[in-house]
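Chain by chain, the residues:
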Amino acid sequence: PGWIDLPGTYGRSSFKKDPLGRVLLRGIAQRTSGVATQICVLPEGYRPSFTQIFIASSNSVDCRLDIGPEGIVTLAAGGLATNYVSLNGISFDTED
């Protein structure tokens, strides 16, 4: 897979919708091998209608996460070679 939940007390990486239909991500993902940039794929119904760009934290360094309409969550830029990426606070609408 290339990415796992960061071990420790950080909780599992997950997603949900709030009562208004907004998707919320949480957790911390850790790269396990190589240079994999695809963190996960969100299922239909939990995807933005167009590509969204977010600033997140990776080893205390800013990084860029992209989430496209196909549901792929990608570490697009930044971070460090031994990456973990915080998904906490990322949210988006699924409709235009």
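Residues numbered from 1 in each chain as written. Predicted model: local features only at pLDDT ≥ 70, side-chain atom pairs only at ≥ 80, totals over all residues. Heavy atoms only, no water.

**Student:** Please clarify how the overall build of the chain should be interpreted in this entry.
**Tutor:** When helices and strands are counted, the chain shows zero helices and 10 strands. Of the regular secondary structure in the chain, the N- to C-terminal order runs β-β-β-β-β-β-β-β-β-β. The principal-axis extents of the C-alpha atoms in the chain amount to approximately 35 × 25 × 25 Å. The buried share of the chain, reckoned over its 96 residues, is 34%. For the chain, contacts bridging at least 24 residues in sequence account for 57% of all contacts bridging at least 6. Carbon together with sulfur atoms contributes 53% to the accessible area of the chain, which is approximately 5,600 Å² in total. Across the chain, the centroid of the 8 positively charged side chains sits 7 Å from that of the 9 negatively charged ones. (Helix = DSSP H or I, 4+ residues; strand = E, 2+ residues; numbered from the N terminus. Buried < 20%, exposed > 50% of the residue type's maximum accessible area, 1.4 Å probe, protein only. Contact = heavy atoms within 4.5 Å. Areas by Shrake-Rupley, 256 points an atom, 1.4 Å probe, with all protein chains shown as cover. Lys, Arg positive; Asp, Glu negative; His and termini not counted. Charge placed at Lys NZ, Arg CZ, Asp CG, Glu CD.)

**Student:** Where do I start with the layout of surface pockets in this structure?
**Tutor:** A water-sized probe rolled over the atoms picks out the places where empty space is left. Estimates place the volume of the largest pocket at around 210 Å³. Looking at the largest pocket, it is lined by 14 residues, and the ones nearest its centre are D5, S13, I39, C40 and L87. Among the secondary structure elements, those contributing two or more residues to the lining of the largest pocket are strand 1 (3–5), strand 2 (14–17), strand 3 (23–26) and strand 5 (38–41). Considering only residue class, the lining of the largest pocket consists of nine nonpolar, two polar and three charged. (1 Å grid on protein atoms, 1.4 Å probe; cavity = no way out; pocket = protein on both sides within 12 Å on 5 of 7 lines; lining within 4 Å. Points joined across faces, edges and corners; volume = space filled by probe spheres on them. Nonpolar A, V, L, I, M, F, W, Y, C, P; charged D, E, K, R; others polar.)

**Student:** Would you explain the side chain of S91 in this entry?
**Tutor:** Mapped onto the fold, S91 is located in strand 10 (residues 91–92). Among the polar contacts made by the side chain of S91, one reaches the side chain of R22 at a distance of 3.2 Å. Dropping the residues within four chain positions of it, S91 is found in contact with R22, V23, L24 and F54. (Polar contact = N/O pair within 3.5 Å; in protein donor to acceptor, adjacent residues only side chain to side chain.)

**Student:** What am I meant to see in the environment of T94 here?
**Tutor:** By the secondary structure assignment, T94 is in the segment after strand 10. In the structure, T94 is positioned 45 residues away from S49 in sequence and 5.8 Å away in space, judged by C-alpha atoms. In contact with T94, other than residues within four places in its own chain, are K17, G21, V23, G45, Y46, R47, P48 and S49.

**Student:** What's the story with the state of the cysteines in this structure? I'm lost.
**Tutor:** Put plainly, two cysteines are in a disulfide when a covalent bond ties their sulfur atoms together. Inspection of the entire model under this criterion finds zero disulfides. Free of any disulfide, C63 has its nearest neighbouring cysteine sulfur in C40, separated by 13 Å. (Disulfide = S-S within 2.5 Å.)

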